[in-house]
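# Report on the structure
Below are the chains, spelled out letter by letter.
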Amino acid sequence: MQTTESAGASTDPLAAAKSLRLREAWLLVATFLVAVAGLIYELIAATLSSYLLGDSVRQFSYVIGVFLSSMGLGAWLSRYVERPMAGFVWAQILLGIAGGFMAPAVFLTFAWMESVSLPLYGLLITVGLLSGLEIPLIARVLKDIGAPEFRFENVLSVDYIGALVASLAFPLLIIPHLGLMAGSLAFGALNLGVAGLSLWIFRRDTSRAQLGVWAIALLVTLVALWQAERLVSVTESNLFEDDIILSEATPYQQITVTRYRDRTRLFLDYSIQFDSLDEYRYHESLVHPAMSLAPRRKSVLILGGGDGMAAREVLRWAEVDEVTLVDLDPRVTELFRDHPDLSPLNHGSLSDPRLEIKNVDAWRFVEGSSAVYDVIIIDLPDPKNLALSKLYSRQFYGTLVERLSAQGIMVTQAGSPLFAREAFWSINATLQSSRNPQAPGAGLSTQPYHAYLPSFGDWGFVLASPQKPASTRLGLPVNLAAELKYLTPEVWQAAQVFDPQSGPTPVAVNTVQSHALVGYYLDGWARWFE
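Sequence order as written defines the numbering, with residues in each chain counted from 1. Local features in this predicted model are restricted to residues whose pLDDT is 70 or higher, and side-chain atom pairs enter the listing and the counts only when it is 80 or higher, whereas totals over whole chains, interfaces and linings include all residues. Calculated side-chain values reflect all of the structure's heavy atoms, with hydrogen atoms and water omitted.

Attention now moves to the side chain of Asn-428. Locating Asn-428 in the fold gives a position in helix α17 (residues 421-433). Here, residues are in contact when the closest pair of their heavy atoms is within 4.5 Å. If we ignore the near neighbours within four places in the chain, the residues touching Asn-428 are Thr-446, Pro-448 and Val-462. Secondary structure elements are taken from DSSP: a helix is a run of H or I of four residues or more, a strand is a run of E of two residues or more, and numbering for both begins at the N terminus.

Rendered as structure tokens:
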């Protein structure tokens, strides 16, 4: 086996110079490629953890911290690698395996064992260690081959450019077009491609053992990539008990729709959003008390509710002239407007000429709007992370109430008063403490209530208004009352009564500074189900 220096030697000065330029250029290209792959693995791990472990802000923070510290350890360990090019090739082969199979391994473990922390963080640490080896080893190889213009800052610059490309490509290209499973395997193949070209360009500095392991790893990875859709199907068939009729990753979330006979269920990021067997209990409870108690209901704003179910209930009211539905993910509203199996669930509400869809962030929409609404319906996901918690904050409610007419009413879904009791009452307290434009120094008037949903258990809602409604009686039009399957005046009266286990309890107000709600929510559900 020859050394790097002897491999570069040649009796032909022109050939030697050409070989040197090739090696130098390839090492800089390799730096760019491995930087892209490394950050993609980090983003895949962070996305997996937020999907499967919840609280995306916390999980992203953990993943970044663990990954960067592992990279630092890997960089320190690089000093013990005697042959830098051979070490770099081994790092690429192992990254192709550990990084490439990260998503398949984590998803399959979750599907079969419902536990992902150990494999996820184990693979993350492995990938971080191997990624930390790369730049120091490349820098040493460049020095060893005598690159005349080698500067360490050039290597770092290429590395940072690769990180930028990866951060842009991940949400715009990789998630929408490849998904996590195929994306993980594709970048594993990229690391193996870097290893393969390095084996050829520096063939005198590598071994047959490396070539054999590389060939086997590449073959297995390519087969897995070819069968990625089948791997996804196998995983999802274990994650979901019903047949999957739609599975799609968007830049915002993973959308999965399942069906068994006439039963359809929607999952976002693997968390159930509705079950067609009982969704009417939720949506009738969410919409009709606010619509009934509001003196006017000509203009309605719905935040969230991209499935169109809340809009379906709003449009039952003949007085409604216009509905604005604000949902961040355009793919959700597109599917529930156009998909032949999904649009009938909302009675085609998203195609109603009275309804306008705005695919923007709820906070940004409210801040930028000057419209005034008679009823505002907040049908947003549970506040399980900081990004969602801000939409349940005193600051957001204070801005939102500016969009409410003088006698208008707004309502929010507020989670389970049984499973997450403190979170529910924190939302109520936050609304009560929010600024009331009609009574400076006073908060909003609220009415908490709840309903039983077989799919979710006891579920709560909170009505809020600058003025206390003139009547608390549910005044449903006769024809509408006949159409409803669940909500009646008697059910409404019972819904306002809470038992001692789910009733009011001392809680903190949720603000964008404190985010007390996230802790209440996570602790409450963990108490019951972990």
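In this section: the packing of helix α4 (residues 84-98) against helix α8 (residues 179-201). Packing of α4 against α8 brings their axes to within 7 Å, and their N-to-C directions diverge by 155 degrees. Regarding the angle of α4 to α8, the classification is roughly antiparallel. For the element pair α4 and α8, the recorded crossing hand is left-handed. Every residue of α8 that contacts α4 at Met-85, Phe-88, Val-89, Gln-92, Ile-93, Leu-95 and Gly-96 is listed here: Gly-188, Asn-191, Leu-192, Val-194, Ala-195, Ser-198 and Leu-199. Partitioned by chemical class, the residues of the contact of α4 with α8 number nine nonpolar, five polar and no charged. Working convention: axes come from line fits to C-alpha atoms, limited for helices to the stretch in contact. Angles between N-to-C directions cover 0 to 180 degrees. Roughly parallel refers to an angle under 35 degrees, roughly antiparallel to one over 145, roughly perpendicular to one between 65 and 115, and oblique to any angle outside these ranges. Crossings are sorted by hand: turned counterclockwise from the far helix by less than a right angle, the near helix makes the crossing left-handed, and turned clockwise it makes it right-handed. The classification used treats Ala, Val, Leu, Ile, Met, Phe, Trp, Tyr, Cys and Pro as nonpolar, Asp, Glu, Lys and Arg as charged, and all other residues, Gly among them, as polar.

For the rest of this paragraph, the subject is the environment of Asp-269. Looking at the element boundaries, Asp-269 is found in the loop between β3 (263-268) and β4 (271-275). Burial status follows relative accessibility: with a 1.4 Å probe on protein chains alone, a residue under 20% of its type maximum counts as buried, one over 50% as exposed, and anything between as partly exposed. Asp-269 gets classed as buried once you look at its relative accessible area, which sits at 17%. Each C-alpha atom, one on Asp-269 and one on Thr-258, is 13 Å from the other, the two residues being eleven residues apart in sequence. Look past the residues within four positions of Asp-269 in its chain and what remains in contact with it is Tyr-51, Tyr-252, Gln-253 and Gln-254. Of the polar contacts made by the side chain of Asp-269, one reaches the backbone nitrogen of Gln-254; its length is 2.8 Å. Pairs of N or O atoms within 3.5 Å make up the polar contacts considered here, provided that, within protein, one atom can donate a hydrogen while the other can accept it, and that residues adjacent in sequence are counted only when both atoms are side-chain atoms.

Moving on, we come to the pattern of salt bridges. Salt bridge criterion: a side-chain nitrogen from Lys or Arg within 4 Å of a carboxyl oxygen from Asp or Glu. What the rule picks out here adds up to 17 salt bridges. Among the ionic pairs, Arg-354 bridges to Asp-352, the shortest N-O distance being 3.1 Å. Members of the salt-bridge network, linked through shared partners, are Glu-279, Arg-312, Glu-313, Arg-316 and Glu-483.

Whether two strands pair depends on DSSP finding at least two bridges between them. The sheet built from four strands is open, its strands ordered β1-β2-β3-β4 with antiparallel pairing. Strands at the two margins of the open sheet, each flanked by one partner only, are β1 (243-249) and β4. Averaged over all adjacent pairs, the angle separating strand axes in this sheet is 20 degrees, with direction ignored. Where β3 lies against β4, four bridges are found, and the strand directions are antiparallel. When the bridges of β4 are listed, Leu-268 appears paired with Ser-271. Its contacts with the sheet place helix α13 (residues 330-338) against β1, β2 (254-260), β3 and β4, and it is angled at close to 25 degrees to β2.

Below, the discussion takes up a nonpolar patch on the surface. The residues that make up patches have over 30% relative accessible area and no salt bridge, and they are joined within 9 Å when like-charged or within 5 Å when they are Val, Leu, Ile, Met, Phe, Trp or Tyr. Note on areas: Shrake-Rupley with a 1.4 Å probe; residue coverage comes only from the protein chains shown. Judged by side-chain polarity, Leu-73, Trp-76, Leu-77 and Tyr-80 come together as a nonpolar surface patch covering roughly 410 Å² of accessible area. Turning to its location among the elements, Tyr-80 is positioned in the loop between α3 (56-77) and α4.

Strand direction decides the pairing type here: β1 and β2, joined by six bridges, are antiparallel. Pairing of Glu-248 across the sheet is with Ile-255, part of β2. Between the end of β1 and the start of β2, which pair antiparallel, lie four residues.

Attention now moves to unusual backbone geometry. Glycine aside, residues mostly have negative phi angles, and peptide bonds mostly take the trans form. One non-glycine residue, Arg-261, adopts positive backbone phi at about 55 degrees. Within the secondary structure layout, Arg-261 lies in the loop between β2 and β3. A relative accessible area of 67% means that Arg-261 is categorised as exposed. Unlike most non-glycine residues, His-515 shows phi in positive territory, near 50 degrees. Residue position: His-515 is located in the loop between α19 (489-495) and α20 (516-529).

Every helix has an expected span of 1.5 Å times one less than the residues it contains. Under the 1.5 Å per step criterion, the end-to-end length of α20 is 20 Å for 14 residues, consistent within 8% with the ideal 20 Å. Those residues of α20 lying buried are Ala-516, Leu-517, Val-518, Tyr-521, Gly-524 and Trp-525. In this fold, the buried residues of α20 make contact with α15 (386-389), α17 and β11 (457-465).

Within the element layout of this structure, Leu-246 appears in strand β1. Separated by 26 residues in sequence, Leu-246 and Ile-272 have C-alpha atoms that sit 14 Å apart. Aside from chain neighbours lying at most four places away, what touches Leu-246 is Ile-255, Thr-256, Val-257, Leu-335 and His-339.

Note on scores: pLDDT gives the predictor's confidence for each residue, bounded by 0 and 100. Residue-level pLDDT values for the protein average 88, and 94% of them are 70 or greater. This stretch, residues 1-9, has a pLDDT under 50; its non-local contacts, to residues over four places away or in other chains, come to 18 contacts.

This brings us to the sheet that holds strand β5 (residues 299-304). Backbone-to-backbone hydrogen bonds join strands into a sheet, with any given pair of strands oriented parallel or antiparallel. Strands sit in the order β7-β6-β5-β8-β9-β11-β10 across an open sheet of seven strands; the sheet is mixed. The open sheet terminates on both sides in strands that have one partner only, identified here as β7 (355-358) and β10 (445-453). The mean inter-strand angle of the sheet, taken between neighbouring strand axes irrespective of direction, is 15 degrees. Sheet analysis places β5 next to strand β8 (residues 373-379), joined by five bridges and oriented parallel. By the bridge assignment for β8, Val-300 is matched with Val-375. With respect to the sheet, helix α11 (residues 279-293) is in contact with β5, β8, β9 (404-413), β10 and β11, its orientation differing from that of β8 by roughly 160 degrees.

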